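Okay, here's what each chain looks like letter by letter:
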Amino acid sequence: MSYKIIFFGTSEFSVPSLKALLDDDRFEVVAVITKPDAPIGRHQVVTPPPVKVLAQEHQVPVLQFDKIKTDETFEKLSASDNRVDAFVVVSYGKIIPQRILDLPKHGVINVHGSLLPLWRGASCVQAAIAAGDKKTGVTIMQMDAEMDHGNILTQKEVLISQTETGGELHDRLAELGAQTLPDVLSDYLAGKLKGQPQNHEQATYCKLLSRDDGKIDWTKSAEEIERLVRAYHPWPGTWTEWDGKRVKIIKIANGKYKELIGEIGILVMQDDRLLVVCGDGHAVEILELQPEGKRVMTSQEYIAGHKLIS
RNA sequence: CGCGGGGUAGAGCAGUUGGCAGCUCGCCAGGCCCAUAACCUGGAGGCCGUGGGUUCAAGUCCCACCCCCGCAA
């Protein structure tokens, strides 16, 4: 007898968790709820969320709701053939109302990419790196109506390396969550595991990121800027403007910040290297960048083509 | 057809009003040096994205198409 589960998820972060449940005999995923297909990319091609693709490969029914707060959505989810043991929510992308959270017999379980109560919100992975945290992790919790606020079932920690990007950490945490989820969910549904309340006073929050958030504020310290570039790679990316053109900053040398006199935020070519003076009087060295309309290139490549001009 | 930038040597770029295709780096050879990624000399390497058109002459002007990228989502 396997537990019946409905899975809510949308982004890449949720894919490993869904896969883990699909591949585990203890669970039967009876439906997958995901956001509607959306126009994406340069040519606005309507594309299904990655979770939908995986679900369809496993012949699992997929439901996509424009709005989850409507009566219609509620009725579909409360239909008799959708009576399940639990909902599992991983990076779904929408706030789920209380009356839907109340539907499953044993509530709603969530996988979150931080050590709650730290970094509640949508950009927990980037936030941990940008803040210079030494460690982070995943939390598996009982969802309630407030964002990332519910009782904790278990947490797994990982160390953040000095060179780790947001993308790399994202993938590691997605896998860690997926590895942890099945056993925790099974124990919870069997009544062997109780949730523990979070220490709400220690909560920190992070917002949903957009590309504008990746604009570099060169008045910050060199160290903060290096962390931000690393945290925001590849999403939402970091950028600045030189000579009226947008330039993405892909990679900055870690841990080598020399004092340098010069105008803050202006590109300096020195000894075949690209330096930018930051707000604390130290310079970051840019290793990889991408001018508007061009491919990603190394600083050496950039210098080769711009030496004479400047 | 959502808006915009771009395709020229292995890489990054320049190429004026159409008139022999260049620069920086890299590569190869030689030289200098105790030595070198430094310096000097020489060299190789190009269907100028593809196809048409205008012209005595097209990287350059016109048309179509392909590909890459920034914004946007």
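Cut-off values and rules
- Residues numbered from 1 in each chain as written.
- Chains lettered and ligands numbered in written order.
- Predicted model: local features only at pLDDT ≥ 70, side-chain atom pairs only at ≥ 80, totals over all residues.
- Heavy atoms only, no water.
- Domains from an automatic or database assignment.
- Contact = heavy atoms within 4.5 Å.
- Buried area = accessible area lost by both parts, 1.4 Å probe.
- Salt bridge = Lys/Arg side-chain N within 4 Å of Asp/Glu carboxyl O.
- Polar contact = N/O pair within 3.5 Å; in protein donor to acceptor, adjacent residues only side chain to side chain.
- Helix = DSSP H or I, 4+ residues; strand = E, 2+ residues; numbered from the N terminus.
- Nonpolar A, V, L, I, M, F, W, Y, C, P; charged D, E, K, R; others polar.
- pLDDT = per-residue confidence, 0-100.
- Core = buried A, V, L, I, M, F, W, Y, C linked by side-chain atoms within 4.5 Å.
- Buried < 20%, exposed > 50% of the residue type's maximum accessible area, 1.4 Å probe, protein only.

### Focus on the domain arrangement of chain A
Point 1. Examined at the domain level, chain A breaks down into domain 1 (3-202) and domain 2 (211-304).
Point 2. Distance from the C-alpha centre of domain 1 to the C-alpha centre of domain 2: 34 Å.
Point 3. Counting from both sides, the interface comprises 12 residues of domain 1 and, opposite them, 11 residues of domain 2.
Point 4. Here domain 1 meets domain 2 over a buried area of about 810 Å², counting both sides, of which 55% is carbon and sulfur.
Point 5. Interface area lost by domain 1 to domain 2 is led by Gln 126, Ala 130 and Gln 162, which between them contribute 49%.
Point 6. In this assembly, domain 1 and domain 2 are joined by zero salt bridges.
Point 7. The interface formed by domain 1 and domain 2 contains eight residue pairs in polar contact (both at pLDDT 80 or more).
Point 8. The element that contributes the greatest number of residues to the side of domain 1 that touches domain 2 is helix 5 (residues 124-130), accounting for three residues.
Point 9. Split into classes, the residues belonging to the side of domain 1 that touches domain 2 amount to three nonpolar, eight polar and one charged.

### Looking at the confidence of the model for chain A
Point 1. Overall, the prediction assigns chain A a mean pLDDT of 92, with 98% of residues at 70 or greater.
Point 2. Interface scoring of the predicted complex returns ipTM 0.85; its pTM is 0.90.

### Section: the nonpolar core
One broad trend across soluble globular proteins is that nonpolar side chains are buried collectively.
Point 1. Counting 44 residues, the largest nonpolar core has Phe 7, Leu 21 and Leu 185 as its most contacted members.
Point 2. The element that contributes the greatest number of residues to this core is helix 6 (residues 166-189), accounting for nine residues.
Point 3. The two domains that each donate at least three residues to this core are domain 1 (3-202) and domain 2 (211-304).
Point 4. In terms of nonpolar packing, the next biggest core, distinct from the first, is built from 20 residues, Trp 242, Ile 252, Ile 286 and Leu 289 among them.

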